[in-house]
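The residues making up each chain are set out below.
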Amino acid sequence: MSEAQAATEVAHHAPTAGEYINHHLTSFGNKMHSGIVDFSVIHYDSVFWALFMGLVGLVFLWSVTRKATSGVPSRTQAAIEILFEMVGTQAKSLVHNEASLRFVAPVALTVFIWVFLMNAVDFLPLDLIPNAWALIYGSMGHDAHHAYMRPVATGDLSITMGLSVGVLLLCLYYNLKIKGVGGWAHELVSAPFGSSKNPLLAVVMGIINFSMQMIEFAAKTISHGMRLFGNMFAGELIFMLIAMLGGAYAATGFTAVLWGVHVVLGLAWTLFHVLVIPLQAFIFMMLTLVYIGQAHDAH
């Protein structure tokens, strides 16, 4: 077989740009989605990487605290202490209840570190983990071409919405704990538009207020999860588009310009991601504190 024929054969079997992106954006789960919302679908890869990065965070913090000293701290210990102080300061400024702070501040720290580590997987080479999984999947007797693996858990809407629903449950808990059943029930039908001494108008205003409260809870929860998902999904997609520039040069050898653009854009986007990844974790943590703090405030 000549070199031209070999190149044609490789090109024939190589995935198109659409197939490459679709393969990388397909999760390894129990089945495919049957609709936009399908609660019967479990993405095994997202669940695994979320739990694994959580475990990494726990082991890392445990190792730091185990080696902590009251004398001159190491650089790692100093960085963790700065992080603790930052999260504690933000928590105190938003949650004005000492008893709640003992739980909320550690939750906020956990959220920040967990989301940061899940985001940080995006720093790994794009095809490293999927290709490794394809080898493992193929060695088990399955079709390696259908080995799907998405390691960036926060690029999966089910994970980010799961986190935001968890925050919603904490908000509902603190609404009940701080305000009591009667106090919160009164707030649900009297805020934000108030009530009336007229019984009929009071019922109408109560229905309107309750509807607005439900819309507010839903909007907070959906936007909380969608914001993190949207940013990480977009970053993941841009990395794929940049990778395809290098792939186009490798496949055609047409011009070194493609290779140069691939390197420059890849470096630029990676450096930008150094800011995006911790920033998204910080925003998610701050919104968690804001929503829990609002659950402590009476309207």
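**Here's the deal with the overall build of the protein chain**
Next up, step 1: Across its full length, the protein chain holds 9 helices and 0 strands.
Next up, step 2: In the protein chain, the order of α-helices and β-strands from amino to carboxyl end is α-α-α-α-α-α-α-α-α.
Next up, step 3: Against the 2.2 N^0.38 benchmark of 19 Å for 299 residues, the protein chain shows a C-alpha radius of gyration of 25 Å, more extended than a compact globule.
Next up, step 4: Its C-alpha atoms give the protein chain principal-axis dimensions of roughly 90 × 60 × 40 Å.
Next up, step 5: The proportion of buried residues among the 299 residues of the protein chain is 35%.
Next up, step 6: Considering only intrachain contacts with a sequence separation of at least 6, the fraction spanning at least 24 residues in the protein chain is 70%.
Next up, step 7: Entry remark: accessible area of the protein chain is about 17500 Å², with carbon and sulfur atoms responsible for 72%.

**Regarding the side chain of His-43**
Next up, step 1: One can find His-43 in the loop between α2 (17-24) and α3 (44-66).
Next up, step 2: Leaving out residues up to four positions away in the same chain, His-43 has contacts with Ser-27, Phe-28, Gly-29, His-33, Asp-156 and Ser-158.

**Examining the packing of helix α4 (residues 75-94) against helix α5 (residues 98-120)**
Next up, step 1: Relative orientation of the contacting elements α4 and α5 amounts to 125°, with a least axis distance of 9 Å. Judged on the interaxial angle alone, α5 and α4 are oblique. Handedness of the α4/α5 crossing: right-handed. Together, Leu-83, Phe-84, Val-87, Ala-91 and Lys-92 of α4 and Leu-101, Ala-105, Ala-108, Leu-109, Phe-112 and Ile-113 of α5 make up the contact between the two elements.
Next up, step 2: Taken together, the residues of the contact of α4 with α5 sort by class into 10 nonpolar, no polar and 1 charged.

**Remarks on the nonpolar core**
Next up, step 1: Counting 46 residues, the largest nonpolar core has Val-115, Met-118, Met-285, Leu-289 and Ile-292 as the members making the most contacts within it.
Next up, step 2: Among the secondary structure elements, those contributing two or more residues to this core are α3, α4, α5, α6 (128-139), α7 (157-190), α8 (199-252) and α9 (256-296).
Next up, step 3: Among the elements that line this core, the one with the most residues is α5, at 12 residues.
Next up, step 4: Ignoring any residue separated from it by four or fewer positions in sequence, one finds Met-118 in contact with Ala-50, Met-53, Val-152, Ala-153, Thr-154, Ile-159 and Leu-163.

**Looking at unusual backbone geometry**
Next up, step 1: For the bond from Ala-191 to Pro-192, the omega torsion is 10°, close enough to zero to count as cis.
Next up, step 2: Note that Pro-192 resides in the loop between α7 and α8.

**Topic: the packing of α3 against α5**
Between two packed helices, what matters for the description is the angle formed by their axes and the separation of those axes.
Next up, step 1: Orientation of α3 relative to α5, taken along the N-to-C sense of each, is 120°, at an axis distance of 9 Å. With respect to their mutual orientation, α3 and α5 come out oblique. Handedness of the crossing formed by α3 with α5: right-handed. Two secondary-structure elements touch here, α3 through Ala-50, Met-53, Gly-54, Val-56, Gly-57 and Leu-61 and α5 through Ile-113, Trp-114, Leu-117 and Met-118.

**Brief notes about the packing of aromatic side chains**
Next up, step 1: Counting across every chain of the model gives 12 aromatic pairs.
Next up, step 2: For the ring pair Phe-112 and Phe-116, a centre distance of 6.3 Å and an interplane angle of 10° mean the geometry is stacked. Residue Phe-112 and its partner Phe-116 are both found in helix α5; the two are separated by 4 residues, about one turn of the helix.
Next up, step 3: The class of Phe-116 is partly exposed, set by a relative accessible area of 29%.

**Some thoughts on α6**
Next up, step 1: For α6, built from 12 residues, the straight-helix expectation of 16 Å at 1.5 Å per residue is met to within 8% by its first-to-last C-alpha distance of 17 Å.
Next up, step 2: Every buried residue belonging to α6 is among Ile-129, Pro-130, Trp-133, Ala-134 and Tyr-137, and all of these are buried. Viewed along the axis of α6, the buried residues span an arc of 140°, placing them on a single side of the element. Along α6, exposed side chains directed more than 90 degrees from the buried face belong to Leu-135 and Ser-139.
Next up, step 3: Summarising the contacts, the buried residues of α6 are in contact with α2 and α3.
Next up, step 4: Count one or two residues on from α6 and you reach Gly-141, which has phi positive near 95°.

**So, the confidence of the model for the protein chain**
Next up, step 1: The pLDDT averaged across the protein chain works out to 89; a share of 92% of its residues lies at or above 70.
Next up, step 2: Counting interchain partners and residues more than four positions distant, the pLDDT-below-50 stretch residues 1-12 has 1 contact.

Parameters at a glance
Residues numbered from 1 in each chain as written. Predicted model: local features only at pLDDT ≥ 70, side-chain atom pairs only at ≥ 80, totals over all residues. Heavy atoms only, no water. Helix = DSSP H or I, 4+ residues; strand = E, 2+ residues; numbered from the N terminus. Rg over C-alpha atoms; globule rule 2.2 N^0.38 Å. Buried < 20%, exposed > 50% of the residue type's maximum accessible area, 1.4 Å probe, protein only. Contact = heavy atoms within 4.5 Å. Areas by Shrake-Rupley, 256 points an atom, 1.4 Å probe, with all protein chains shown as cover. Axes fitted to C-alpha atoms, helices over the stretch in contact; angles between N-to-C directions. Parallel < 35°, antiparallel > 145°, perpendicular 65-115°, else oblique. Left-handed = near helix turned anticlockwise from the far one by under 90°. Nonpolar A, V, L, I, M, F, W, Y, C, P; charged D, E, K, R; others polar. Core = buried A, V, L, I, M, F, W, Y, C linked by side-chain atoms within 4.5 Å. Phe/Tyr/Trp six-rings, centres within 6.5 Å; stacked < 30°, edge-to-face > 60°. Expected span 1.5 Å × (residues − 1). Arc of directions from axis to C-beta. pLDDT = per-residue confidence, 0-100.

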